[in-house]
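Listed below, chain by chain, are the residues.
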Amino acid sequence: MWINPVDSCGEPVHNPENPVHNPELAWSTPTGALIATGVGGVAMLLAAAAVASDPAGRVLIGLGALGLLVITALGLRQRPRLAVLDGARGIAVQRLTGRHEYQASELSRVRIVRYPRLGRRVPMLEIDVRPPGVDDDKLMIFGRWDLGTDPTDVFEALAGRGLVPPERPRP
């Protein structure tokens, strides 16, 4: 997790381990949502132990509780999920395996795609990156849960910092 320390005047202190000095340029799952899933998981564990009378019910409630707690742990581990690096030199993506930084030159495509969900089309932010020495693009997809805000707003923030390459025709 990146923490942005500030000096006595409230200005960000340079920390080489923290490439993000502006929290407005970092997006992650809302803390409130993670607290809710964690509390829900604990409540379901208590319900499985205290309320459920049959073994099958205990197992099912326990599995649901475990699922909520795993979602909470994953959301806490991947904070911030996407961030703009200092000087808009690229982006940082936090994954389960750690933080991955991609320079602006490695971004091959950034776009909004609307996928059908529950009878409506929801925006998703798609980022294609091509790290040096790799022949194929790597696709990353971010939704509202990942970013904590509308993916269209994140796209506009990235575009405003020159991190959206021009669209190239695909063969």
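Residues numbered from 1 in each chain as written. Predicted model: local features only at pLDDT ≥ 70, side-chain atom pairs only at ≥ 80, totals over all residues. Heavy atoms only, no water.

You'll find the protein chain entered in an unreviewed UniProt entry as PH domain-containing protein, with Rhodococcus oryzae given as the organism.

> How would you explain the side chain of glutamate 126 if you had to name every residue and give the values?
Its place among the elements puts glutamate 126 in strand β6 (residues 120-129). In terms of polar contacts, glutamate 126 uses its side chain to reach the side chain of tyrosine 115, at 2.3 Å. (Helix = DSSP H or I, 4+ residues; strand = E, 2+ residues; numbered from the N terminus. Polar contact = N/O pair within 3.5 Å; in protein donor to acceptor, adjacent residues only side chain to side chain.)

> So what's going on with the nonpolar core? Which residues, and what values?
Trp27, Leu82, Ile91, Leu125, Ile127, Phe142 and Leu158 are the most contacted members of the largest nonpolar core, which totals 19 residues. Taken together, the elements giving at least two residues each to this core come down to β2 (82-84), β3 (90-95), β5 (107-117), β6, β7 (138-142) and α4 (151-160). (Core = buried A, V, L, I, M, F, W, Y, C linked by side-chain atoms within 4.5 Å. Buried < 20%, exposed > 50% of the residue type's maximum accessible area, 1.4 Å probe, protein only.)

> I'd like to hear about the sheet that holds strand β1 (residues 26-27), residue by residue, with values.
An order of β1-β2-β3-β4 is seen for the four strands of this open sheet, with the pairing classed as antiparallel. Looking along the sheet, the strands with just one partner apiece sit at the ends: β1 and β4 (98-103). As paired strands, β2 and β3 are joined by three bridges and run antiparallel to one another. In the sheet register, alanine 83 faces β3, and the bridge partner there is alanine 92. (Pairing = 2+ DSSP bridges.)

> Residues and numbers for the environment of valine 113, please.
Tracing the sequence through the fold places valine 113 in strand β5. Distance from valine 113 to isoleucine 141, taken between C-alpha atoms, is 9.4 Å for residues 28 residues apart in sequence. Those residues in contact with valine 113 that sit more than four places away from it in its chain are Val122, Pro123, Met124 and Glu126. (Contact = heavy atoms within 4.5 Å.)

> Talk me through the pairing of β3; I want residue IDs and the actual numbers.
It is a general feature of regular strands that their side chains alternate between the two faces of the sheet. Of all six residues that make up β3, five are buried, and the element is covered over most of its length. Between β2 and β3, which follow one another and run antiparallel, lie five residues, and glycine 87 among them has a positive phi close to 70°. Judged from the six bridges that link them, β3 and β4 form a sheet pairing that is antiparallel. Residue pairing across strands places valine 93 opposite histidine 100, the latter belonging to β4. Counted along the chain from β3 to the antiparallel partner β4, the turn is two residues long.

> Describe in detail the UniProt feature "transmembrane region" (unreviewed entry) in the protein chain, supporting the description with residues and values.
Here, UniProt's "transmembrane region" (unreviewed entry) annotation points to residues 33-53 and 59-76. Here residues 33-53 is 86% helix and 0% strand, with 30 Å between the C-alpha atoms at its ends. Taken as a whole, residues 59-76 contains 100% helix and 0% strand, while its terminal C-alpha atoms sit 26 Å from one another. (UniProt positions renumbered as here; feature names shortened; annotations may be inferred.)

> Requested: an account of the layout of surface pockets, with residues and values cited.
Within this model, the largest pocket holds a volume of roughly 220 Å³. As for the largest pocket, its lining consists of Arg117, Leu118, Arg120, Val122, Pro123, Met124, Gly143, Arg144, Trp145, Asp150 and Pro151. Looking at the lining of the largest pocket, the element that brings in the most residues is β6, giving four residues. Grouping the constituent residues of the lining of the largest pocket by class yields six nonpolar, one polar and four charged. (1 Å grid on protein atoms, 1.4 Å probe; cavity = no way out; pocket = protein on both sides within 12 Å on 5 of 7 lines; lining within 4 Å. Points joined across faces, edges and corners; volume = space filled by probe spheres on them. Nonpolar A, V, L, I, M, F, W, Y, C, P; charged D, E, K, R; others polar.)

> Tell me what's going on with the pattern of salt bridges, and back it up with residues and numbers.
Note that side chains of opposite charge can pair when their charged atoms are close. A full pass over the atoms with the stated rule returns five salt bridges. Residues glutamate 126 and arginine 111 are paired through a salt bridge, measuring 3.1 Å at the closest nitrogen-oxygen approach. Here arginine 111 lies in strand β5 and glutamate 126 lies in strand β6, a separation of 15 residues in the sequence. Given a relative accessible area of 5%, glutamate 126 falls into the buried group. Classification of arginine 111 by relative accessible area gives partly exposed; the value is 30%. Notably, a salt bridge pairs aspartate 137 with arginine 130, separated by 2.8 Å at the nearest N-O pair. Of the residues examined, arginine 130 reaches a relative accessible area of 40% and is grouped as partly exposed. (Salt bridge = Lys/Arg side-chain N within 4 Å of Asp/Glu carboxyl O.)

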